[in-house]
Amino acid sequence: MREKELRRSMSVFPIGTVMKLTDLTARQIRYYEEQELIHPERSDGNRRMYSLNDIDTLLEIKDYLSDGLNMAGIKRVYEMKVAKEKEAKNKPPLTDEDVRRIFYDELLAQGGLNQQQPYQQKGPRM
DNA sequence: GTTCTTACA
DNA sequence: TGTAAGTA
């Protein structure tokens, strides 16, 4: 069933489509590429072509943003996800999603990566 | 008409 | 981030 992964990685959407699907501006989408969070391919006339995976990542980024994480924090989330994926190949059977969630919560709890608005603890810790 | 790069607010 | 300018 690797066929699906292959298709998800095919870059076929122009930035206009991605904008509608993610509600992000072209500015933001290009900026996130600059931050190496997504890697759209270039096609005819130097136009960026995005894959389903890119759109997925973009939607995740939007979630993180709405929870108060800044670029630095988001980049760290992805860095740690990558680092943990390697480590997880030999250890606990945590899913990709679990790992991301764990570190995401850790980051917010630490509240050490918000240069602008500090993270607010959502509920009381009884 | 859409997207790209560059650059300034 | 938004937006304007000049292109491809």
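In the annotation of an unreviewed UniProt entry, the entry for chain A reads MerR family transcriptional regulator, and the organism field reads Enterococcus casseliflavus EC20.

This part covers the side chain of Ser51. Within the fold, Ser51 resides in the loop between β3 (47–50) and α4 (52–66). Judged by relative accessible area, Ser51 falls into the buried class, the value being 4%. Setting aside its immediate chain neighbours within four residues, Ser51 contacts Arg8, Ser9, Met10, Ser11 and Phe13.

What follows covers the nonpolar core. If you look at the biggest cluster of nonpolar residues, it comprises 20 residues, and the most contacted ones within it are Ile29, Tyr32, Leu58, Ile61, Tyr64, Ile74 and Val77. Mapped by element, the contributors of at least two residues to this core are α2 (15–22), α3 (26–34), α4, α5 (71–88) and α6 (96–110). In terms of domain composition, this core takes at least three residues from each of domain 1 (1–66) and domain 2 (68–126). Residues in contact with Tyr32, not counting those within four places in the same chain, are Leu24, Leu37, Ile38, Leu58, Ile61, Leu65 and Met71.

Around DNA strand C, the neighbouring residues are Thr25, Arg27, Gln28, Tyr32 and Arg47. For DNA strand C, the fraction of atoms within 4 Å of the protein that belong to sugar or phosphate moieties is 32%. One nitrogen or oxygen atom from the side chain of Arg27 is found 2.8 Å from a base oxygen belonging to DNA strand C. A distance of 2.5 Å separates a phosphate oxygen of DNA strand C from a polar atom in the side chain of Gln28. Take the surface near DNA strand C: its biggest share by element is three residues, from α3.

Residues Glu85, Asp96, Glu97 and Asp98 make up a contiguous surface patch of negative charge. For the negative patch, the element with the highest residue contribution is α6, accounting for three residues. Summarising the element assignment, Glu85 is placed in helix α5. By relative accessible area, which is 31% here, Glu85 ends up partly exposed.

Parameters and conventions
Residues numbered from 1 in each chain as written. Chains lettered and ligands numbered in written order. Predicted model: local features only at pLDDT ≥ 70, side-chain atom pairs only at ≥ 80, totals over all residues. Heavy atoms only, no water. Helix = DSSP H or I, 4+ residues; strand = E, 2+ residues; numbered from the N terminus. Buried < 20%, exposed > 50% of the residue type's maximum accessible area, 1.4 Å probe, protein only. Contact = heavy atoms within 4.5 Å. Core = buried A, V, L, I, M, F, W, Y, C linked by side-chain atoms within 4.5 Å. Domains from an automatic or database assignment. Near = heavy atom within 4 Å. Polar contact = N/O pair within 3.5 Å; in protein donor to acceptor, adjacent residues only side chain to side chain. Patch = residues over 30% accessible without salt bridge, like charges linked within 9 Å, V, L, I, M, F, W, Y side chains within 5 Å. Areas by Shrake-Rupley, 256 points an atom, 1.4 Å probe, with all protein chains shown as cover. Salt bridge = Lys/Arg side-chain N within 4 Å of Asp/Glu carboxyl O. Lys, Arg positive; Asp, Glu negative; His and termini not counted. Charge placed at Lys NZ, Arg CZ, Asp CG, Glu CD.

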